[in-house]
Amino acid sequence: MPTSNDRPPQNRGLTAIVGAMSLITVLLIVQIWLLSAALESFLSGNRHSALPAAIFSGVMFLICLGLYAFVDRVDSEVRGSENGR
Amino acid sequence: MNWLRRGSSGGTPSEPLWKEEFSVRTADERYVTRRQLTKFLVLTSLGMFVGNIWILIRSLFYKVPVYPQQPVAQLGEIPVGGVKLFSYPTKDDHCIMIRTGKDEYVSYSQKCTHLSCAVYYSQAENRLECPCHKGFFSIKDGAVLQGPPSRPLPRIVLEARGEQLVAIEVKG
């Protein structure tokens, strides 16, 4: 019975990349909601929620950046190993 | 940093970017499109973050406005259930004043909080109505009763001084 280790590296790399992209998409949706909520709050006169919203948004952006670095690394590793064959 | 390096995949590190992005191998195309989409998503994430920073800066540098004290009507000038339109605090900020009782007056900004259409007073329903998208506001506090607006109408604080009604502040 084939295991995940038996799959070619190209497919394993793609699975990892798609997983990272899914996480980025989820984080992006949360960020969009956060921005609209912060704007709505700001326009209604509540100015205390801007700082926590900016901090959380920054943290999520950094996570997205880290995931992009991961995608890029997996991409270069898998394609490098393919080309080295 | 590896992810900023040009020519990071396969071949020699000095390989130009276009060779990497337009690979002759069909299998590589899947990687290129996914990586480009990921880059686009991360840039969008950066845009959201910048938007939040902009709101934060606006919040930090927000100045509490100083409102003028402006006579807007004479006591008893309008009948009970009657309406008077005026501008406050600037001539471009249109407001609506309603006499709800013998000695009771309420006043709100006439600009709907949805898409800025002018609201009017419906005496039959005893509420403020926006004709554009059927947004209804309470006459008591300007709260949203129905429709697309998500915020209440800004209230104009009135003060009786002698025979005059004076607008002193905008709340909300």
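Cut-off values and rules
- Residues numbered from 1 in each chain as written.
- Chains lettered and ligands numbered in written order.
- Predicted model: local features only at pLDDT ≥ 70, side-chain atom pairs only at ≥ 80, totals over all residues.
- Heavy atoms only, no water.
- Buried < 20%, exposed > 50% of the residue type's maximum accessible area, 1.4 Å probe, protein only.
- Helix = DSSP H or I, 4+ residues; strand = E, 2+ residues; numbered from the N terminus.
- Pairing = 2+ DSSP bridges.
- Disulfide = S-S within 2.5 Å.
- Salt bridge = Lys/Arg side-chain N within 4 Å of Asp/Glu carboxyl O.
- Phe/Tyr/Trp six-rings, centres within 6.5 Å; stacked < 30°, edge-to-face > 60°.
- Lys NZ or Arg CZ within 6 Å of the ring centre and 35° of its normal.

This part takes up the pairing of strand 4 (residues 104-109) of chain B. Residue and element names in this part refer to chain B. Across the 6 residues that make up strand 4, a large majority, 5, are buried. Pairing of strand 3 (residues 94-101) with strand 4 involves 6 bridges; the strand directions are antiparallel. What sits directly across from Met97, in strand 4, is Ser107. Following strand 3, the chain reverses through 2 residues before pairing antiparallel with strand 4.

All right, on to the state of the cysteines then. Residue and element names in this part refer to chain B. Scanning the model with the defined rule gives 1 disulfide over all chains in all. The partner cysteine of Cys117 in its disulfide is Cys132, sulfur to sulfur 2.0 Å. With the S-S bond torsion at -100 degrees, the cross-link from Cys117 to Cys132 turns out left-handed. You can see Cys117 sitting in the loop between strand 4 and strand 5 (120-122) and its partner Cys132 sitting in the loop between strand 6 (127-130) and strand 7 (135-138), a full 15 residues away along the chain. Classification of Cys117 as buried rests on a relative accessible area of 17%. Of the residues examined, Cys132 reaches a relative accessible area of 39% and is grouped as partly exposed. With no disulfide of its own, Cys112 lies 3.8 Å from the sulfur of Cys130, the closest cysteine sulfur.

Below, the discussion takes up the pattern of salt bridges. In this structure the tally under the stated criterion is 8 salt bridges over all chains. With its nearest N and O atoms 3.9 Å apart, the salt bridge here joins Asp92 of chain B to Lys91 of chain B. There is no split in this pair, since Asp92 of chain B and Lys91 of chain B are both exposed. When the shortest N-O distance is used, the salt bridge between Glu159 of chain B and Arg161 of chain B registers 2.8 Å. Taking relative accessible area as the criterion, Glu159 of chain B reaches 32% and is therefore assigned partly exposed. Given the relative accessible area of 36%, Arg161 of chain B is considered partly exposed. Here the salt bridges do not stand alone but share partners, grouping Asp72 and Asp75 of chain A together with Arg35 of chain B into one network.

Right, let's talk about the packing of aromatic side chains for a bit. Summed over the entire model, instances satisfying the criterion amount to 2 aromatic pairs over all chains. Note on Phe61 of chain A and Phe49 of chain B: the rings are 6.0 Å apart at their centroids and 10 degrees apart in plane angle, and the pair reads as stacked. Within this pair, whereas Phe61 of chain A is found in helix 2 (residues 50-84), its partner Phe49 of chain B is found in helix 2 (residues 26-60), the two belonging to separate chains. Since its relative accessible area comes to 12%, Phe61 of chain A is described here as buried. Here the basic side chain of Arg47 of chain A rests over the ring of Tyr62 of chain B, its NZ or CZ set 3.3 Å away from the ring centre. Directly above the aromatic system of Phe136 of chain B lies the positively charged group of Arg127 of chain B, at a separation of 3.7 Å from the ring centroid.

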